[in-house]
Amino acid sequence: ASLAVHPRKLRELSALRASSSPGGRFLPAFCDALTPLFEVLRRSPASDRVARFAAAFASSSASAAADGTGFLEGFLRFLLVASAAAHRPARFRSCQIISEIIMQLPDDAEVSDEIWDEVIDAMKIRVQDKIPAIRVFSVRALSRFAIDEEDGGIIDIFLETLEKEQNAEVRKTIILSLPPSSATLESIIESTIDTSESVRRAAYSVLSTKFPLQSLSIKQRTTLLHRGLSDRSTSVKNECLRMLKEEWLVKHCGGDVITLLRFLDVETYELVGESVMGVLLKDGSVRVQDGQTIRQYFTANTEDAEQVSSIKLMEAEVALYWKVMCMHLQAEAQVKGSEAATTTGTEAAVYASEASDKNDLLDGVLPSTVAEFVDLVKAHLSAGPNYHFASRQLLLLGGMLDFSDSMNRKVASSFLYELLNRPLEHEVDEDGNQIAIGDGVSLGGDLQWAKAVSELAKKVHASIGEFEMVIATVVEELARPCRERTADFMQWMHCLAVTGLLLENTSTLRSLEGTAIRPSEVLQSLLLPAAKQKHVDVQRAALRCLCLFGLLENKPSTELVKQLRLSFINGPDLVSAMASKALIDLVSWHGPQELDQAIGTEPSDANYEKTQFAPVDISDLNDDDLNVGVLSILFSGFHKDDWEFSPEGDNHDNVPTILGEGFAKILLLSENYPSISADLHPVILAQLVRLYFLEESKELGRLKQCLSVFFLHYPSLSEKHKRCVSSAFVPLMRAMWPGIHGNAGGSGPVVSKKRKQAVQAARFMVQMVQSPLFSTETAEQACMSPESLSSSPGPFVNYDISEEGLAIRIAVEVVGNSQDKKSAPMKAYALALCKVAVLLRFRQSEQKAIKCMRGLVNTLAASAASDKDLMKELAQMASRLKSLDESPEEELPQDQADAIFEQLGLAGGVKLDAANTVVPPTPAPPRSVRAPPARRRARRAASSSDDSEAEAEGESLDVTSVSQVPATPSVATARAQRASKTAALSKFKSSVKPSLEAASDSEQDEMSGLTTDEDPSDDSDDPDEEES
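Quick caveat: nothing in here was measured; it's all calculated off a predicted structure. (Residues numbered from 1 in each chain as written. Predicted model: local features only at pLDDT ≥ 70, side-chain atom pairs only at ≥ 80, totals over all residues. Heavy atoms only, no water.)

> Could you clarify how one ought to interpret the overall build of the protein in this entry?
Scanning the protein for helices and strands turns up 44 helices and four strands. Within the span of the protein, comprising 1028 residues, buried residues form 45% of the whole. At a minimum sequence separation of 6, the contacts of the protein that also span at least 24 residues come to 71%. (Helix = DSSP H or I, 4+ residues; strand = E, 2+ residues; numbered from the N terminus. Buried < 20%, exposed > 50% of the residue type's maximum accessible area, 1.4 Å probe, protein only. Contact = heavy atoms within 4.5 Å.)

> Honestly, the nonpolar core in this entry has me stumped. Any pointers?
Grouped together as the largest cluster of nonpolar side chains are 295 residues, with contacts concentrated most on Phe-663 and Ile-808. By residue number, the principal contributor to this core is helix H23 (residues 489-504), which donates 11 residues. (Core = buried A, V, L, I, M, F, W, Y, C linked by side-chain atoms within 4.5 Å.)

> Hey, could you run me through the packing of aromatic side chains in this one?
Any aromatic ring pair is given by two values, namely how distant the centres are and how the planes are angled relative to each other. Per the counting criterion, the structure on display carries 25 aromatic pairs. Look at Phe-71 and Phe-75: their rings are 6.0 Å apart centre to centre, the planes differ by 5°, and that puts the pair in the stacked class. Pair noted here: Phe-71 and Phe-75 are both in helix H4 (residues 69-83), with a separation of four residues, about one helical turn. The same class applies to Phe-71 as to Phe-75, namely buried. Pairing Phe-638 with Phe-663 gives two aromatic rings, centres 5.5 Å apart and planes at 50°, and the pair type is tilted. Pair noted here: Phe-638 is in the loop between helix H30 (630-636) and helix H31 (655-668) and Phe-663 is in helix H31, with a separation of 25 residues, a long-range link. A relative accessible area of 12% means that Phe-638 is categorised as buried. Using a relative accessible area of 0% as the deciding quantity, one classes Phe-663 as buried. An aromatic cluster of at least three residues, connected via ring pairs, comprises Phe-26, Phe-30, Phe-38, Phe-57, Phe-71, Phe-75 and Phe-78. When the ring centre of Tyr-692 is taken as reference, the NZ or CZ atom of Lys-704 above it lies at 4.1 Å. (Phe/Tyr/Trp six-rings, centres within 6.5 Å; stacked < 30°, edge-to-face > 60°. Lys NZ or Arg CZ within 6 Å of the ring centre and 35° of its normal.)

> So what exactly am I meant to see when it comes to a nonpolar patch on the surface here?
Judged by side-chain polarity, Leu-668, Leu-669, Leu-717 and Phe-774 come together as a nonpolar surface patch covering roughly 370 Å² of accessible area. Note that Leu-717 resides in helix H33 (residues 701-717). By relative accessible area, Leu-717 is classed as partly exposed at 44%. (Patch = residues over 30% accessible without salt bridge, like charges linked within 9 Å, V, L, I, M, F, W, Y side chains within 5 Å. Areas by Shrake-Rupley, 256 points an atom, 1.4 Å probe, with all protein chains shown as cover. Salt bridge = Lys/Arg side-chain N within 4 Å of Asp/Glu carboxyl O.)

> Explain a negative patch on the surface here, please?
A contiguous patch of negative charge, built from Asp-113, Glu-114, Asp-117, Glu-118 and Asp-121, is present on the exposed surface. With respect to the helices and strands, Asp-117 occurs in helix H6 (residues 113-126). (Lys, Arg positive; Asp, Glu negative; His and termini not counted. Charge placed at Lys NZ, Arg CZ, Asp CG, Glu CD.)

> When you look at the environment of Leu-634 in this model, what are you seeing that I'm missing?
Along the polypeptide, Leu-634 turns up in helix H30. Once residues within four sequence positions are removed from consideration, Leu-634 is found in contact with Phe-568, Ser-580, Leu-583, Ile-584, Leu-659 and Phe-663.

> I keep staring at the side chain of Asn-654 and nothing clicks. Help me out?
By the element assignment, Asn-654 lies in the loop between H30 and H31. Judged by relative accessible area, which is 2%, Asn-654 ranks as buried.

> It is not clear to me how helix H27 (residues 573-590) should be interpreted in this structure. Could you clarify?
Since the α-helix advances by 3.6 residues per turn, residues separated by three or four positions end up pointing in the same direction. With 18 residues, H27 ought to run about 26 Å at 1.5 Å a step, and its terminal C-alpha atoms sit 25 Å apart, in line with that. Where H27 ends, the next residue or the one after it, Gly-591, has phi of about 100°, a positive value. (Expected span 1.5 Å × (residues − 1).)

> How should the packing of helix H18 (residues 370-381) against helix H19 (residues 388-395) be read in this particular structure?
Describing two packed helices takes the angle between their axes plus the distance from one axis to the other. Here H18 crosses H19 at 165°, and the two axes come no closer than 8 Å. Considered as vectors, H18 and H19 are oriented roughly antiparallel to each other. Considering only the axes of H18 and H19, their crossing is left-handed. Every residue of H19 that contacts H18 at Phe-373, Leu-376, Val-377, His-380 and Leu-381 is listed here: Ala-390, Ser-391, Leu-394 and Leu-395. Of the residues in the contact of H18 with H19, the class split is seven nonpolar, two polar and no charged. (Axes fitted to C-alpha atoms, helices over the stretch in contact; angles between N-to-C directions. Parallel < 35°, antiparallel > 145°, perpendicular 65-115°, else oblique. Left-handed = near helix turned anticlockwise from the far one by under 90°. Nonpolar A, V, L, I, M, F, W, Y, C, P; charged D, E, K, R; others polar.)

> What is the right way to look at the confidence of the model for the protein in this model?
Detailed reading of the predicted coordinates is not advisable wherever pLDDT falls low. Here the protein averages 82 in pLDDT, while 81% of its residues score no lower than 70. Here residues 304-308 is modelled with pLDDT under 50, and outside its nearest four sequence neighbours on either side it reaches six contacts, counting other chains as well. Predicted confidence for residues 988-1028 stays below pLDDT 50, and this span has 10 contacts to residues more than four positions away or in other chains. (pLDDT = per-residue confidence, 0-100.)

> Is there a simple way to think about unusual backbone geometry in this case?
Negative phi is the rule for most residues except glycine; trans is the rule for most peptide bonds. Notably, Asp-265 is not glycine yet its phi reads approximately 55°, a positive angle. Its place among the elements puts Asp-265 in the loop between helix H14 (257-262) and helix H15 (270-283). On the accessibility criterion, Asp-265 (24% relative accessible area) is partly exposed.

> Explanation requested: the environment of Thr-859 in the structure shown.
Checked against the element boundaries, Thr-859 lands in helix H39 (residues 847-863). As a C-alpha pair, Thr-859 and Ala-811 span 48 residues in sequence and 7.7 Å in three-dimensional space. Beyond its immediate stretch of four places on either side in the chain, Thr-859 contacts Val-814 and Val-815.

> Looking at this structure, how should I read the packing of helix H37 (residues 803-816) against helix H38 (residues 824-837)?
Packing of H37 against H38 leaves a shortest axis separation of 10 Å and a crossing angle of 160°. The angle between H37 and H38 places the two elements in the roughly antiparallel class. In terms of crossing hand, the pair formed by H37 and H38 is left-handed. Taken together, the residues of H38 that come into contact with H37 (itself represented by Ile-810, Glu-813 and Val-814) are Tyr-829, Ala-830, Leu-833, Val-836 and Ala-837. The class makeup of the residues in the contact of H37 with H38 is seven nonpolar, no polar and one charged.

> Got a minute to help me understand the state of the cysteines in this structure?
Enumeration according to the criterion identifies zero disulfides in this entry. This cysteine, Cys-482, is not joined by any disulfide, and Cys-495 carries the nearest cysteine sulfur, 4.4 Å off. Overall, Cys-482 belongs to the buried group, its relative accessible area being 0%. On the basis of relative accessibility, which here comes to 0%, the residue Cys-495 falls in the buried class. (Disulfide = S-S within 2.5 Å.)

Rendered as structure tokens:
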């Protein structure tokens, strides 16, 4: 029946229940009528309507007016019995009806605590059910009890289930069922980065309705907005915007966007504040109100017939508001103007009118003159460091002003001169030492402030060469005390900050010719001496300027490269980090060969450099040792274990992160660096994978994120990259496995941990090899199963980019180490390799690789004889290879196998085991070395029913007897024992079967009167149990 008739039927059924006696048969009859619903295997709209109708009737009968508590309790007991049934539909329907009853139950219902305790206990069990739909309704049933619970047991179950739940619908239901509390807040916030779109949307819905804005910390608010407004799903963005606009802005802030920004701490989370303002402006929730303008912060006072202008200081939120608002108005005016220029007629006139209105509104908001703008910024600068953020926001407004008038340019130029000569802010510690405030390398100690100053300077001095001339004049003035060696470290840092501003915004060194200070003077008299100063911050600023200077050179100068090498080798950790960043940038721009040629590097062994990096210990490297290449020096930084870094913050300035990012870029852009040998790419990749899985790298969040994105895309970009991944597998395993090839071992827990990391890295490499290429042809092949690719191979097959090649590499590695498998580390190493080899797939088109692997699989089995599960997997692998082999009886010639090994870059001398193509079973412990007794097949008189069985058994025994047996005594003994058991079992069957047949004949005569259409073998089974 449809939902429209449900109210009428509920009234009729309630009247029928009321007319029956309290101890009557209404409840049994109702349960009997509902029983067929519990046997429906598939869920349908009709069955759901019946379940909701039953729940609505039970919940309505429990009200105080209906006086149906007894019926409800009896019906709940009936449902609890069904919830524990083995039949899946019965459990599902019972949990569904229970949850509907609880959700619709009126507040005045009186149900005994004993019944509710039974319901809660039963639903707690069903939360762990293997069927996701049952778990969903169990969570819904418990959600109403979680609010009023005192001990928090249900909430703990919800949180524990949420962490390990794999079904998205169950996770969504748990999120919607969690009550608002400090214990559930973190879990709900973490769900905003769930893989499921519906879960993320539900999390934002719960946060907006159950958690007020004031109950969240500033970090939590900004995290939620950053994730939600940048989410890839439109529905999640809309839900986050609804939370921001309807709940936070309107309900908690009264529609005042400035109050909302105060809740976000825009000084710390500036980008979040800008994104919030951007989405609200785009949505139309924030507009410029009448009378609102920046000019209202100028107040005029008339005293003694003289007008004095005073400026009211802006808060950080107000300054950010006006900056984003003005930029939004300017962008809209430009868009409307472009649309007016590309259209004609009335439409163009409308767009032009809208653009004019936006420009007029912008002009009315900004300061009326450049002088007022300068006074406004100066007032905030002189107010102290607390208004530094507001000063930077207001300084960015200068790019929207008009500097076409010479007087305006003169005023702005004088202001810029003051900004460039403004000394760095500092503090004085207890000992009287000055400590610079900020990053120590940028103008004003803030990179964003330096960008704001440079943007304003390029706007004011827009003529060709004017910007360089003005800034170079300031640099020359600041460099005088540095040249005379009378400057302190604060003056050095200030001069280097302005120099970095000049070099960063200059396209070529030629533009500095003819200015107050020539490029050669900048390098020789300023940058190189600064890099040799004792103060660490001065060295860092100097190395940054050296990097910018080197990027502007056509070829890097000798002194510059030598100084960067020296600072990386001998400098403190912060200095080495800046030097490594500079060297990586110069290598990426000029190439490593240009840097080596600049200092006359001549490798001692050129062939050695082509296959691997020169072993360098930077701790013992001399300053005048120029025979080591730049890349070798940088690569040696991975092997230095005493790098120091703080686990707090972003960890951008530490050597491992910088080197990891740099070498990842080199691999991605390897085509741009032909001087780097292709044989070095696997070495670099293996080091990056090893760095990714090191225990110490867990604290380096930026490095982990960078490498994860790199590994996701690198193998799919080209065949060269996939070849590099395959070639790096074995060297990586040799380098990571403890106790082999000179690797350190350690205690049992340490060795176990290192082995787990190596296994994780190996499986990760297999996934990289299995990832399809981005090309269309390869993607189509990747969608097909390996067995279905039966096309004939071409004249040349790249085994080194396929899974077949990696499997052969692993097998050859196991064969090569078979002589040393007595040691425990080598045994574990071989087992780990075998477990990886069985994960690889073979295509039917690669017949040579299949035959080659069939010849190597026995060696893998011999190395894995102690692991029964692995032996089964190897046996399955051997059977798969045999089924894929189009001619399993033919063997692969040794010369063709050697050709495959040569293509993969493997050492020769590996012989295929073609004599035995069957993986031997798991051997039993050796008991005797005597030869097994001769096999005899049991013979008996043939009967009508046993001829085929006897023939089949005889054939199976014949096949077993002619199969070749390995020469190991343990395997031979096991095979002999198995054959003896088979013969004895056959003889036992032949002797017992006639008596069993006679007994069955007599039983059949006695039960001839009972007939059935079912199989007699199933007569003893209970149908209910079978259905369950």
